[in-house]
Amino acid sequence: MSSAITPLTQLPAWQALEAHYQKIKSVHLRQLFADDPQRGRRFSIEDVGFYFDYSKNRITEETIRLLLNLADESGLRERIDAMFRGDKINTTENRAVLHVALRAPRDQSIIVDGTNVVPQVHDVLDRMAGFADRVRSGQWLGQTGKRIRNVINIGIGGSDLGPVMAYEALRHFSRRDMTFRFVSNVDGTDFAEATNDLNAEETLFVISSKTFTTLETMTNAHTARRWAVQALGEKAIARHFVAVSTNSDEVAKFGIDTANMFGFWDWVGGRYSMDSAIGLSTMLAIGPEYFSSMLSGFQAMDEHFQTAPFQRNLPVLMGLLSVWYSSFFGAQTVAILPYDQYLKRFPAYLQQLAMESNGKHVTLNGQSISYQTGPIFWGEPGTNGQHSFYQLIHQGTMLIPCDFIGFCQTANPLGSHHDILMANLFSQTEALAFGKTADEVRSEGTPDRLVAHRVFEGNRPTNTILTERLTPETLGKLVALYEHSVFTQGAIWQIDSFDQWGVELGKQLAMKILPEVKLAEDPELRHDSSTNALIRHYRKR
Ligand code: G6Q
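All values derive from a computational prediction rather than experimental measurement.

1. Brief notes about the site of the ligand
And step 1. If you check the shell around the ligand, you find 14 residues, and the closest are Ser159, Ser209, Lys210, Thr211 and Thr214.
And step 2. With respect to the ligand, the backbone of Lys210 contributes an N or O atom lying 2.7 Å from an oxygen atom.
And step 3. Considered on its own, the ligand offers 410 Å² of accessible surface; in the complex 92% of this is hidden by protein.
And step 4. When the residues that make up the shell around the ligand are grouped by side-chain class, the tally is one nonpolar, nine polar and four charged.

And the structure:
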């Protein structure tokens, strides 16, 4: 992006949206639906296997027209093309942003620094498939000749959240005679509990770290090494450890043969890496074929994002709506509400994807930002959330746009469970939009003094995303939908969605205090009085 870029707030479309917001902010969804009996159809799109209903948003056709103008004036099209072309759009790290290359078909060509990266992607995928097949078929044995029955992924952040989320989401498609666990926290409890009931002879560790230097992951990896060596001897490393990394030197130093290392590239951001070699544990769980259908799902959404006109483009519309609420309504959070137990880790996954990408306070040019950027993502699967935090969404004082995600069919048809689940989803979006007026409450015979308490204002915006079934392919589409929605938001906000200097800071800070906590003799502490006292309190005990 050139340094001559017009500041966002000076774009005509932005200013038009500000004026438009003043007009629409007090218009109720009840009114909008009453004015247009076709609204539910008009503001919904069926494509890429999704039914996306965005009619219960505080928008009119004029809002969408202005948001689409904003996309045009912000150069969204050029940004999308630049990403798919392999341009170094992550300017603060001077890197291309090419998670889309991870799912590109074999015959596609994407050039980075003069090299077509697609063949490299497929080489790694083929090696992963070979390895996964050997482990799953029992050809790859542990040190004492036993089959591998347990896989433990050790990684953190982007090297953990995707693998855990995908494993949970695709459990139905996974090997039920194998155990999959994920150790991320440097808190020893994580490792201790994950290995407590496992036999080292049957356990394979996948050490997943792009840099292979992350403190938490390396601490856990060394603990795993000791655990395995204690049970099986030094030779165990060869059969019980594989690595996923971009850093072959560090992998070799750790003692893992680089023949058992699966690589990726600096143009894959951690939070965009679940479909790279970081997905090795996913492939071990669901097998290469399902992994490949997951990649096809990603790819279908990539193609849609790249080619569909913006007014029918799911990630673009979702991204624009998110900008609408964050920057104009001042909404600070978004609730992700999957009505599927298998997606229980999906909100946590999106939390990193969205918040690490768009939690930025300066533009690409380093200028301070005057508008609100990335919202807080949070959520829980329905219907559990209905019995806890939905209260605040319905009747609190904050505006919380919600994404409801549902599936028409379930992997576990039990009596009428699924109908009940889906009825809840539909009724929640209805209640949030339309609420309950004082008259309606009174007509139910509510005593006057309780009427106000029982009123639901409504006008709470929601998106509903429906699809047929949760399969590997659908999961790929769903993740890519959010990846590109996050991209769209970042492009509008003129920020670098692909760096993470805030995370880098955390990686350095603890290293300073660690020796002060560990040293036998009392260290000279030079922090503020609070930090000094906390360290002294801990040391004493
Ligand atoms: C992701 C972030 C961060 C990263 C972890 C792990 O986008 O950069 O979450 O994935 O800090 O890093 P390593 O894979 O290098 O261990």
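2. Some words on the pattern of salt bridges
And step 1. If you walk through the whole model with that rule in mind, you get 28 salt bridges.
And step 2. Across the pair Arg77 and Asp81 runs a salt bridge, and its minimum N-O distance is 3.6 Å. Highlighted residues: Arg77 and Asp81, both in helix H5 (residues 76-85), separated by four residues, approximately one helical turn.
And step 3. Residue Asp81 is classed as partly exposed on the basis of its relative accessible area, which comes to 28%.
And step 4. For Arg85, the salt bridge goes to Asp87, with nearest N and O atoms at 2.6 Å.
And step 5. For Arg85, a relative accessible area of 48% corresponds to the partly exposed category.

3. So, the packing of aromatic side chains
And step 1. One pass over the structure, following the stated rule, counts 31 aromatic pairs.
And step 2. When the centroid spacing of 5.7 Å and the interplanar angle of 40° are considered together, the rings of Tyr167 and Phe182 count as tilted. Here Tyr167 is found in helix H7 (residues 161-169), whereas its partner Phe182 is found in strand E6 (residues 179-183), with 15 residues between them in sequence.
And step 3. Judged by its relative accessible area of 8%, Tyr167 falls in the buried class.
And step 4. Between Trp378 and Phe389 the ring centres are 4.8 Å apart and the planes differ by 70°, which places this aromatic pair in the edge-to-face class. Taken together, the residues Trp378 in strand E11 (residues 376-378) and Phe389 in the loop between E11 and helix H15 (390-395) connect sequence positions eleven residues apart.
And step 5. It is Arg225 that lies over the ring of Phe254; its NZ or CZ is 5.5 Å from the centre.

4. Considerations on a nonpolar patch on the surface
And step 1. Nonpolar side chains collect at one region of the surface, where Leu215, Met511 and Leu514 lie side by side and expose about 230 Å² of accessible area between them.
And step 2. Take Met511: it is sitting in helix H20 (residues 501-518).

5. What to know about the sheet that holds strand E8 (residues 241-245)
And step 1. Spatially, five strands are ordered E6-E5-E7-E8-E9 in an open sheet, and the strand pairing comes out parallel. In this open sheet, the two strands that pair with only one neighbour each are E6 and strand E9 (261-263). Here the strands of the sheet are splayed against their neighbours by 20° on average, with no regard to which way each runs.
And step 2. Across three bridges, the pairing between E8 and E9 is parallel. Bridge pairing links Val244 to Phe262 in E9.
And step 3. Packing of helix H6 (residues 118-137) onto the sheet brings it into contact with strand E7 (203-208), E8 and E9, and relative to E9 it is tilted by some 145°.
And step 4. Running over the sheet, helix H8 (residues 188-195) touches strand E5 (150-154), E6 and E7 and is turned about 170° from E6.

6. Description of the nonpolar core
And step 1. Core analysis: the largest hydrophobic core is formed by 126 residues, its most contacted members being Leu204, Trp267, Leu284, Trp324, Phe346, Leu475 and Tyr482.
And step 2. Setting aside its immediate chain neighbours within four residues, Tyr482 contacts Met318, Ile336, Phe346, Leu350, Leu353, Phe377, Asp403, Ile405 and Ile465.
And step 3. Phe205, Ala221, Ala228 and Met261 belong to the second-largest nonpolar core, a separate cluster that totals 20 residues.

7. Some thoughts on the packing of helix H1 (residues 12-24) against helix H13 (residues 314-328)
And step 1. Two numbers describe how H1 lies on H13: the axes approach to 11 Å, and their chain directions differ by 75°. Taken together, the axes of H1 and H13 lie roughly perpendicular to each other. Only Val323, Trp324, Ser327 and Phe328 of H13 make contact with H1, whose side of the interface consists of Trp14, Leu17, Glu18, His20, Tyr21 and Ile24.
And step 2. Among the residues forming the contact of H1 with H13, the class breakdown is seven nonpolar, two polar and one charged.

Cut-offs used in this document
- Residues numbered from 1 in each chain as written.
- Predicted model: local features only at pLDDT ≥ 70, side-chain atom pairs only at ≥ 80, totals over all residues.
- Heavy atoms only, no water.
- Near = heavy atom within 4 Å.
- Polar contact = N/O pair within 3.5 Å; in protein donor to acceptor, adjacent residues only side chain to side chain.
- Areas by Shrake-Rupley, 256 points an atom, 1.4 Å probe, with all protein chains shown as cover.
- Nonpolar A, V, L, I, M, F, W, Y, C, P; charged D, E, K, R; others polar.
- Salt bridge = Lys/Arg side-chain N within 4 Å of Asp/Glu carboxyl O.
- Helix = DSSP H or I, 4+ residues; strand = E, 2+ residues; numbered from the N terminus.
- Buried < 20%, exposed > 50% of the residue type's maximum accessible area, 1.4 Å probe, protein only.
- Phe/Tyr/Trp six-rings, centres within 6.5 Å; stacked < 30°, edge-to-face > 60°.
- Lys NZ or Arg CZ within 6 Å of the ring centre and 35° of its normal.
- Patch = residues over 30% accessible without salt bridge, like charges linked within 9 Å, V, L, I, M, F, W, Y side chains within 5 Å.
- Pairing = 2+ DSSP bridges.
- Axes fitted to C-alpha atoms, helices over the stretch in contact; angles between N-to-C directions.
- Contact = heavy atoms within 4.5 Å.
- Core = buried A, V, L, I, M, F, W, Y, C linked by side-chain atoms within 4.5 Å.
- Parallel < 35°, antiparallel > 145°, perpendicular 65-115°, else oblique.

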